[in-house]
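Below, each chain spelled out in residue letters.
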Amino acid sequence: MSADPFQDFFQACQDLLSAQVEVPPEAALTVPPRREFGDLSSNVAFVLAKPLRRAPRQIAQELVAKIDPSTSPLVAKAEVAGAGYINFYMDYEAFAAHALETIRAEGAAYGTSEPEKRLRVLVEHTSVNPNKEWHIGHARNCVLGDVIARLYRHAGHEVEVQNYIDDTGKQATDSLYALRYFQPEPQPETKYDHFVGEHYVRLHRILGREEDARAELKALEGQPLEGEDAAKAEVLRAELAQIAEVKAGIVELMHHVEHGEYVQDICRVLDAQLQTAWSLGASYDLLSWEGDIVRSGLFQEAMDKIKGSPYVYVAESGPKAGCLVMNMTDFWEGGKATEDDVLEKVLVRSNGIPTYEGKDIAYQMWKFGLLENDVRFRLYTVQPDGRELRTTWREGEARRRPKVDVVINVIGAPQSYAQAVVYTAMRVTGHEEEYRNSRHLAYGMVYLPSGSMSGRKGIGISADEVLQSTVDEAYERVKAKRAAELPEDEMRRIAEAVGRSAVRYFMVQFNPSKDVLFEIDQVLSLDGNTSSYLQYANVRTESLMRKAADEGLDMAAIWQEAGSLQLSELADEEKDLVSALARYPGVIARALAALAPNILTDYAFELAGLFTQFYHKCAVLKAETPELVRRRLALSRATNQVFMNTFGILGLDKLDVM
RNA sequence: GCCCCUGUAGCUCAGUGGACAAGAGCAACUGCCUUCUAAGCAGUGGGUCGCAGGUUCGAAUCCUGCCAGGGGUACCA
C-alpha cells in the first residue's frame, strides 16, 4: 500500500486482470461514468476481441469467472457489464480505512509521494516591463507561475522563481522620458506605477499621432495654402516637430538607460508593481535584470559559445548580410516549417545590437548554468510572506549557481515562436538535455468584453483595481451577514482573504492555453464556481470541528484513530467523498505533468460540492450513533486536510468564519 | 502563403489516455433558513459537441479536407 489510495485500488484491479491475461498497453482502466458501473472499469475485453477473434462480452465473462477479488483487500467484486466492460467495485470499508489513515499519516504532505529524483526547477514568471501598472493579463501570468512553483515545491522539488526585469528596453525608457518631459506634479496618493503609467500613456498619445498628422499635412500641402488651411498646416508642423523632439529625446535617454544610470528610478516603479504581486499572494526568489546580464559579460560569453556552432555564422550576403544568424533547419521542431528563411534567425543585427531572441538565449543558457561568468547579487528585500527576495546587482557576492534540471518560462502564447527559437538554440549548441528540459508555459491572452487590452493606449483593467473591487464586494457580503457578531477588523480581514482568493482562482481556473474573457461580474459574484465556494465548504469543516470540541469530543484522538473507526455501511455521499479524497494524489500528478492548475481547481470545486452534499445529507454532530459522529468528524477532518493542501498550492486563504 | 492556438447549452468554461444516457457555473423558472453558517441545497427547462467525410464494435475525443476567430511568421520592440 502506498500513499496514493486510489492508485492502490487501481493497481489491485490491474493485478487481478494481469494475473489472468496479458493486458495490452492500450487497454484502459478508467473511472466509469456512473456509480452503478462500479469504481473502475476495464475495456480489455474489447481490445482483445480482435486478436482473439471472439466477442468482447464472452471474453469479459471468462475473465471475471477466473478473477478472485478475495485475494485483494480493496476490491469487493468484478462484474461484466454492457457489451463487455469489466467493472470493479471497491470494498469501501477497507478502502475508506486506507484512505483516511493515509491522509492522517501524510498530513500536509498528502498528495505527493517522494519524487524519484528531486529536481531543481527554475520558474520564470511575471517579467512585466517596469513602466506602468499591471493589467489583469499580467496578473494571470503571475498567478499561473506562482501556482506552478507551488505545485513543484509541494511535489518535493527545489524551486527558484525568477522575475526578469527588462530595465534597458523601450517601455522603461519611454516611461522615464515621459516623466522628464511632462514634469508632472508628484501625486503621493496615487500608487507610483499607476502614476507613471498615466504619463506613459500620455506620451504615446502624442507619438501615436505621427502617421495621421503626416497624412493630414500631405493632403494640405498639395495646394496653395491660405487662411484656415495655412494655420492648420502650421499646427501640424508643430505637432510633427514635437514628435521628432520626443523621439530624439527617447533615443538619447536610451543610451543612459542602457548603462544602468536610471536603476533607482526603475526600482520605484518595480517596487509598486511588486506590491501588486504580493497582494495577490505571489513572491519571487530573484529579480534578474537584463542590464546586469548584459554588463556582467553573460551575453557576450553566450554569443561566443554559440558562435562555435557550425550552424551559427555571420551572413555574407542577402537581406541579413552582416548579421549573426543561427540556422535552425536541422533542429527545428516548433511546427512544420517550409519557408527556409524563418529558420535562419538573426541573433545580433548588423549594427551590433542583439535581438530579443539573442538576449533570451543568453538568459536561458545562464538559467541552466551553462555559462562560466556569473552575475553578482544582493538581498533586495524580505517579502510579506517571509521569503527573501534577491536581485542581480552590479556588485556584491558572486552567485554560485547550482545545476538546474528544468526551466519553465511562463510567457504569453504570442511568444511561442520566440521561445521555440531560444530552446532550439540549446540543441544547436549541443545541449540536447537542456533543450528537452525547457518548457514554455504558453498562456492565452485576457480579453475584455470591449476587446483586447493595450498598454500603450491605456486600455485595460488594472490588477489593483480588480483586486480592490473584489475585496470591496466581499466586504459588503460579510458585513451584510455578520456585522452583528464580528468586529470590523475581522470583517476586513475576511474580505481581503475572500477577494484575493477569488482573483487568484479566476486566473487559474481555465486551461492556460485558452484566451480568457474577463468579465468582472463573474469574479465579483462570489457564487457558484469560485474560490468562495471552496472556502465556504472548508469553513463548514472548521465549524464542525470547533463545535465538536465545544461538545467535549477529542478531535485529535478521533483523527488519530481515523483508519480504525467504524466504516461499514457508508452512505453514498460518504463513499463519494472518500473516493474523491483518495483521488487527490492523482490529480496533483496530472496537474504537474500538464502544467495545468485548472485540473486542480476543477478537482477542488468537485470536492467542495461532494463535501457540501455530504454535509446536507449526512448529519455529523447529530448523527444517530456516537460511532457515526466520530466517523463523520474524521471524514470532515480529512476533507479539511485536503482543502488545506489544495489551498496551499492554489494560494487561497483559509478561513474559519465567513 | 505558411505555422501555432481556439471553436461543446443564451453567456463563461470542464471533458480531447475512445466506452454503456454529453457535464459544471452563471442567467431563467420552482421549492427549501426557530434544524451542524442559505457565499448553500434540491429540482425544471436549455446542446446538429464549427461543418463534411473517414477509421472503429464504439468518436466531442483519432485521421483528412473545409469554415470561423485569435496569434505568429521582420536586422520591429
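This text follows the structure it describes.
Structural notes, computed from the coordinates. Just so we're clear, the structure is a prediction, and the values are computed from it rather than from any experiment. Along each chain, numbering runs from 1 in the same order as the chain's sequence is written. Chains carry letters from A onward and ligands carry numbers from 1 onward, assigned in written order. Only residues with pLDDT of at least 70 are given local features in this predicted model, and only at 80 or more are side-chain atom pairs given and counted; all residues enter the totals for whole chains, interfaces and linings. Note that water and hydrogens are dropped before the side-chain values are worked out from all heavy atoms of the structure.

Description of the packing of helix α21 (residues 572-594) against helix α23 (residues 626-650)
Only C-alpha atoms enter the line fits that serve as axes; for helices the fit covers just the stretch in contact. Angles between N-to-C directions range over 0 to 180 degrees. Only DSSP runs of H or I with at least four residues qualify as helices, and only runs of E with at least two residues qualify as strands; both kinds are numbered from the N terminus onward. Across the interface, α21 lies against α23 with an axial gap of 11 Å and an inter-helix angle of 25°. Judged by the angle between their axes, α21 and α23 are roughly parallel. Both α21 and α23 take part in a crossing whose hand is left-handed. Of the residues in α23, those touching α21 at E574, L577, V578, L581, Y584 and I588 are R631, R632, L635, A638, T639, V642, N645, T646 and I649. What sets the label is the angle itself: under 35 degrees gives roughly parallel, over 145 gives roughly antiparallel, 65 to 115 gives roughly perpendicular, and the rest give oblique. Helix crossings fall into two classes, left-handed where the near helix is turned counterclockwise from the far one by less than a right angle and right-handed where it is turned clockwise. Note on definitions: a residue-residue contact is assigned when non-hydrogen atoms from the two residues lie within 4.5 Å.

Description of the packing of aromatic side chains
Pairing of aromatic rings covers Phe, Tyr and Trp, the last through its six-membered ring, and needs centres within 6.5 Å; plane angles under 30 degrees mean stacked, over 60 mean edge-to-face, and all others mean tilted. If you walk through the whole model with that rule in mind, you get 20 aromatic pairs. Judged by centre distance (6.2 Å) and plane angle (65°), the rings of F9 and F95 are edge-to-face. With F9 in helix α1 (residues 5-18) and F95 in helix α4 (residues 92-106), the pair connects residues that are 86 residues apart, well separated along the chain. Burial status follows relative accessibility: with a 1.4 Å probe on protein chains alone, a residue under 20% of its type maximum counts as buried, one over 50% as exposed, and anything between as partly exposed. F95 gets classed as buried once you look at its relative accessible area, which sits at 0%. Judged by centre distance (5.7 Å) and plane angle (55°), the rings of W332 and Y417 are tilted. Here Y417 lies in helix α14 (residues 416-428) and W332 lies in the loop between β9 (324-327) and β10 (344-348), a separation of 85 residues in the sequence.

Examining the sheet that holds strand β2 (residues 40-42)
Should DSSP find at least two bridges between two strands, the strands are taken to pair. Reading across from one edge, β1-β2-β4-β3 is the order of the four strands in this open sheet, with antiparallel pairing throughout. The sheet is open, and its two edges are formed by β1 (29-30) and β3 (75-81), each paired on a single side. Against the sheet, α1 contacts β1, β2, β3 and β4 (85-90), and its axis sits at roughly 135° relative to β4. With respect to the sheet, helix α3 (residues 56-66) is in contact with β3 and β4, its orientation differing from that of β3 by roughly 155°.

So, the pairing of strand β5 (residues 120-124)
By the criterion of burial, β5 is predominantly enclosed, with four of the five residues buried. Relative to strand β6 (residues 158-165), β5 runs parallel, the two being bridged by five bridges. Bridge pairing links L122 to E160 in β6.

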